[in-house]
Amino acid sequence: MVRCWWLAGLLVACAAAEPPCRQQLRHLQDSAGIAARLPPRLEGRWVSTGCEVRPGPEFLTRSYLFYANRLFKALQFYYWDPSCRDPSYSLVIKGKLRLRQASWITRGATEADYHLHKVGIVFHSQKAMREVASWINQTSGEGCSGFLPPGRSWAPGALYEVLSAKTERDCTAALGFAMHELSLVRVERHYQPLLQPQQSGSQLVEELYLGDIHTDWGERLHYRPTGYQRPMQSALHHVHPCPACGIISRADEHHPPILPARAALPMQLSGSWVSTHCEVRPAVLFLTRYFTFHGNNHTWEGHYYHYSDPLCRQPTFTIYASGHYTQGIPSSKVRGGTELAFKVTQARVTPMDQVTVVMLNSSEPGSCGLAGSWSAGVEQDITPTNGCLALGIKLPHTEYELFKTEQDTRERSLLYIGERPTDGSSPDSPDKRPTSYQAPLIQCAAASQEFSNYISLKYVGRKDANGNEALKPLPVAFLLFIALLFLRWD
C-alpha cells in the first residue's frame, strides 16, 4: 500500500512539474476564471495601472469616474517622459454615456454613445502651455485661432476651456483628442489569490476595456474602435500590489500623479515569453502569443493561437513563424524603447475549425500550402508557397519593430512588442515602425528552459503533417485517475 501511495504522489508531482510556459497557456485556455458582465456596470472610478503609451508616442495615465445617472468625468494626464514622472498637461472631460447593445462586430463588447459637454486643459509648465497653444492657434478652425495669445504667461492651476457644447466651440483637434474609446466597452471580473503566505483566499479584480486608439494620427479623430487599449482597473477592486493605482485615483487636474521611479532594464530577449490574457486586436482578432528568442544566434520562434471568442476558448487556427532578428538600438522616437528588425523566413499553419479548413481549401492553388489538402488539427508548411495569401502572410518579409522590457510590481519580467497597425498592414518599412505597444508578454522561461514546440490542448492526439502523433501533456485529473487505479489494484 505504501508503494502505491508513493506512486500516486509521484504522478501528482509530475503533473505539477509541467513547464511554466505550458502552464500559462493552459491557464489562458481555461479563461483563468474570467467573467464578463453584459451589459457592463461602469459606476465608480477606474484608473490606469501604470504609465501608458499611445501612438505618437503619447505618455499618459487616466482616471475615469462614471456616475449612476450616466454622467462621467474623465481625467487624462499627459507627460513628457515614458515613466510618467514629468507632467505636461491634464485634460478634464465631462459628458454623458449611454450603453446601447452588444457589439455585432467585436464579440463580448458593448457599443455605446457618448456626448461631450466640456473639455478643459490645465498646463503644468510654461513649456507645455507654449507648445499646446502653438498647436491650437495654427491648426484649429475658426474661433480657436486666438485660443491663447502668444507670450501669455503660465498661470499654475488655471483651467482653459477647449471644448464647450454650450458655445459650440471645439479646439481639441490640434491635440489629436477624441473620446471614441467610449464607444466600445467591456468589463471583466476575476479573482486574484492573496499573495501573503499567511493569507488564504482571493480578492476581486475588475478591469475596464475601452476602445483602441488608431495607430495613424490622421485617422484617430474619426476611427470607431474594434479592439481595446490597455485596460483600466477599478479603484476599489484592482490587482495587488499596484502602487500606481492609489496614486492615480487620488490625483486631480491640478495635482497630476507622479508615478514611482523605476530602474531602466537592459534589453534581454533570450528565453520564452507568453501572453498574460486573451488579447483582442482591431478587425476582431482574438489571440494568445508565445515567443522564444535565442540570443546566441539571434533567431526567434513565435506561436500565434487565434480564436473566435473573447475568452480564447474556441480555436480557429494557429500560426508558427520563425526567422532571425538584428541587434537592437535605442529608439530615437520613443524614449525607453528599442528598435529591431525581424526577418520572417518560415511559417506553418494549423487550421483548428472547419470554417478555416474550408477557407484554406478554397484558396488559389499555389497561394497557401498544398491546395485542397487542409484538414483540422494538421499542420502544413506554407514556406514553399511564400506564405498564405488567404491569411495575409507573405514570406520572406521583414518587420521593423519596437520592443521594451520592464518588471511588474511582483518583479516578473515583461516584454512589450510594438502595436500592430490598425489597418491590418505590416510594419514592413522603417517609417511604419510602431510608436506604441501591444499588451505585455510575461517571461515564462529563461534561455534553454522551454521546448520550442507547443501542441494545442484542444487537439491532443491529432497527427502532424508527417503522420506522427503529436506529443501532449497529461492533465492533472488523468494522472490522479491512474494513481487511484493503482491503489485499487493493490
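All of the points below concern the structure found in this document. (Residues numbered from 1 in each chain as written. Predicted model: local features only at pLDDT ≥ 70, side-chain atom pairs only at ≥ 80, totals over all residues. Heavy atoms only, no water.)

Turning to the overall build of the chain, a few remarks are in order. A tally of helices and strands in the chain yields 6 helices and 25 strands. Long-range contacts, defined here as pairs at least 24 residues apart, represent 61% of the contacts in the chain between residues at least 6 apart. As presented, the chain carries roughly 23700 Å² of accessible surface, and 54% of it is formed by carbon and sulfur atoms. (Helix = DSSP H or I, 4+ residues; strand = E, 2+ residues; numbered from the N terminus. Contact = heavy atoms within 4.5 Å. Areas by Shrake-Rupley, 256 points an atom, 1.4 Å probe, with all protein chains shown as cover.)

A separate point is the state of the cysteines. Scanning the model with the defined rule gives 6 disulfides in all. Linked covalently through their sulfurs, C278 and C312 form a disulfide whose S-S length is 2.0 Å. Between C278 and C312, the S-S dihedral sits near 70°, and the bridge is therefore right-handed. You can see C278 sitting in the loop between β13 (271-275) and β14 (279-281) and its partner C312 sitting in the loop between β16 (299-307) and β17 (315-325), a full 34 residues away along the chain. Disulfide pairing is shown between C368 and C388; the S-S distance is 2.0 Å. Because the torsion about its S-S bond is -85°, the bridge between C368 and C388 counts as left-handed. Taken as a pair, C368 in the loop between α5 (354-361) and β20 (380-381) and C388 in strand β21 (residues 387-388) lie far apart in primary sequence, 20 residues in all. (Disulfide = S-S within 2.5 Å.)

Attention now goes to the packing of aromatic side chains. Inspection of every chain in the model, using the stated rule, returns 14 aromatic pairs. Put simply, the rings of F291, F293, W300, Y304, Y325, F342 and F403 pair up and form one aromatic cluster. The positively charged end of K127 is found above the aromatic ring belonging to W80, 4.1 Å away from the centroid. Sitting over the face of the ring of W217, R220 holds its NZ or CZ atom 4.4 Å from the ring centroid. (Phe/Tyr/Trp six-rings, centres within 6.5 Å; stacked < 30°, edge-to-face > 60°. Lys NZ or Arg CZ within 6 Å of the ring centre and 35° of its normal.)

Within the secondary structure layout, E111 lies in strand β7 (residues 110-123). Looking at E111, its side chain comes within polar contact range of the side chain of Q101, at 2.6 Å. For E111, the residues in contact, after removing those within four places along its chain, are L99, R100, Q101, S103, W104 and S183. (Polar contact = N/O pair within 3.5 Å; in protein donor to acceptor, adjacent residues only side chain to side chain.)

What follows concerns the environment of P19. In this fold, P19 is placed in the loop between α1 (2-16) and α2 (20-29). Between the C-alpha atoms of P19 and A445, which are 426 residues apart in sequence, the distance is 8.4 Å.

With that settled, consider the nonpolar core. Residues F66, L91, I93, I121 and F123 are the most contacted members of the largest nonpolar core, which totals 39 residues. Elements supplying a minimum of two residues to this core: β4 (58-66), β5 (71-79), β6 (87-102), β7, α3 (126-139), β8 (159-164), β10 (184-193) and β11 (202-210). Counting 37 residues, the second largest nonpolar core, distinct from the first, contains C21, V47, Y209 and I248. (Core = buried A, V, L, I, M, F, W, Y, C linked by side-chain atoms within 4.5 Å. Buried < 20%, exposed > 50% of the residue type's maximum accessible area, 1.4 Å probe, protein only.)

Under the definition given, this model contains 19 salt bridges. A salt bridge links R41 to E43, with the shortest nitrogen-to-oxygen separation between them at 3.7 Å. Taking the relative accessible area as the measure of exposure, E43 reaches 39% and is therefore partly exposed. Ionic pairing is found between K432 and D428, a salt bridge with its closest N-O pair at 3.9 Å. Judged by relative accessible area, K432 falls into the partly exposed class, the value being 34%. Via salt bridges that share partners, E52, R54, R62 and E181 belong to a single interconnected network. (Salt bridge = Lys/Arg side-chain N within 4 Å of Asp/Glu carboxyl O.)

Quick look at the environment of E419 now. In this fold, E419 is placed in the loop between β24 (413-417) and β25 (441-445). With a relative accessible area of 17%, E419 lands in the buried category. Through-space distance from the C-alpha of E419 to that of A439 is 8.4 Å; in sequence the pair is 20 residues apart. Polar side-chain contacts of E419 include one of 2.5 Å to the side chain of S436.

Further remarks concern unusual backbone geometry. Going from G56 to P57, the amide bond is cis rather than trans, its omega being 5°. Positionally, P57 belongs in the loop between β3 (52-54) and β4. Cis peptide bonds are those with omega within 30 degrees of zero, and the linkage from H240 to P241 qualifies with -5°. By the secondary structure assignment, P241 is in the loop between β12 (232-234) and α4 (243-249). Even without being glycine, N386 reaches a positive phi, approximately 60°. Secondary-structure assignment places N386 in the loop between β20 and β21. In the Ramachandran plot, E411 falls in the positive-phi region, its phi being about 65° despite a non-glycine side chain. Inspection of the secondary structure assignment puts E411 in the loop between β23 (397-407) and β24.

This brings us to the pairing of β17. Judged by how many residues are buried, β17 sits mostly within the fold: 10 of 11 residues are covered. Relative to β17, β16 runs antiparallel, the two sharing 9 bridges. In the strand pairing of β17, W300 is matched with G323. Alignment of β17 against strand β19 (residues 338-351), held across 9 bridges, turns out to be antiparallel. Each bridged residue has a counterpart across the sheet, and for Y320 the counterpart in β19 is R348. (Pairing = 2+ DSSP bridges.)

Between its terminal C-alpha atoms α3 stretches 20 Å, which fits the 20 Å expected from 14 residues at 1.5 Å a residue. Taken residue by residue, α3 has A128, M129, V132, A133 and I136 as its buried positions. For α3, the arc enclosing every buried residue in end-on projection is 120°, short of the 170-degree limit, so these residues lie on one face. Among the exposed residues of α3, those pointing more than 90 degrees away from its buried face are R130, Q138 and T139. (Expected span 1.5 Å × (residues − 1). Arc of directions from axis to C-beta.)

We now examine α5. Among all positions in α5, only T356, V357 and L360 are buried. Within α5, the buried residues cover an arc of 105° as seen down the axis, which keeps them to one side. Residues of α5 that are exposed and point more than 90 degrees away from the buried face comprise Q354 and V355. Those residues of α5 hidden inside the fold are in contact with β17, β19 and β21.

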